[in-house]
Amino acid sequence: MQKTFILLALIFVGGLVSAQVINTEKKRLNSSEEGWDGSWDVGFSLIKNTREILQFTNRVNVQYRKNNHTLLLLNDANIMRVNRDQLLNRGFLHARYNYEVNRALIPEVFVQAQYNQIWKIDLRFLTGAGPRFRLLANDTSSLYMGALLMYEYEQITDGIEYNRDMRFSAYISGHYQFNPWVQLDHITYFQPKVNDFFDYRVSTETSLRFGITSRLGFKTMFSLSYDARPPDDLQNTFYSWVNGLSLTF
């Protein structure tokens, strides 16, 4: 009963949990101008019924472009409390560098640190590299595919279990601009172990954004993640439907 309440509470305050696979694709900025660009999303939720549920989220992403070089820096934090007890604490730091060889080929390298109380992850450290392919790009549409190899170090919450693995990280990402005020984005990741393809993670996310002003918009987003072999007794599948405001600068 307690686990059921936890899951329902997380859904109603605006997001279930951060997926095992961090979606960095949606953090890339579409601006082609050189220099610094970025966005900031902040949210606060308070629900009072038989219990008091308080949640705070803060997400910042910054991108720098110069000639063929692109640097992406991300920071995400989420804190949730129920009746003054901490229920959810998760976040990550991510840095990614791209070099555009030509319009079709864009090699990239990344490093990431992540923690997630719900997923029982004290620390997950990732680093990897590989090619990114531009399959389609015009004024209204884009389609990308990536195939990376990454090293993963994972420490489970009890502090006893450690995992050190090599994984593939394949993804396909699409964007479509219906008009200046409405846009659709989708991303799907597939991350199997190099030496055991039956130990894999799948994550998919679709979002729709409606512009309110040139800087402010309303966004609705559905995401689903599946882990074939999650830590301990965690369930395999999680999903969320999130609605909120988005500010760009």
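Residues numbered from 1 in each chain as written. Predicted model: local features only at pLDDT ≥ 70, side-chain atom pairs only at ≥ 80, totals over all residues. Heavy atoms only, no water.

Turning to the packing of aromatic side chains, a few remarks are in order. Counted under the stated rule, the structure contains 7 aromatic pairs. Their ring planes at 55° and their centres at 5.9 Å tell us that Phe168 and Phe197 sit as a pair that is tilted. On the criterion of sequence distance, the pair formed by Phe168 in strand E8 (residues 162-179) and Phe197 in strand E10 (residues 196-211) is long-range, its members being 29 residues apart. The class for Phe168 is partly exposed, based on a relative accessible area of 34%. Using a relative accessible area of 45% as the deciding quantity, one classes Phe197 as partly exposed. Summarising the aromatic geometry, the rings of Tyr171 and Tyr189 are spaced 5.8 Å apart at their centres and angled 50° between planes, so their arrangement reads as tilted. Placement of the pair is Tyr171 in strand E8 and Tyr189 in strand E9 (residues 182-193), with a sequence separation of 18 residues. (Phe/Tyr/Trp six-rings, centres within 6.5 Å; stacked < 30°, edge-to-face > 60°. Helix = DSSP H or I, 4+ residues; strand = E, 2+ residues; numbered from the N terminus. Buried < 20%, exposed > 50% of the residue type's maximum accessible area, 1.4 Å probe, protein only.)

With respect to the element layout, Pro107 can be found in strand E5 (residues 105-116). According to the relative accessible area criterion, Pro107 is partly exposed, its value standing at 33%. Filtering out sequence-adjacent residues up to four positions away, Pro107 remains in contact with Tyr97, Asn98, Tyr99, Val101, Gly130, Pro131 and Arg132. (Contact = heavy atoms within 4.5 Å.)

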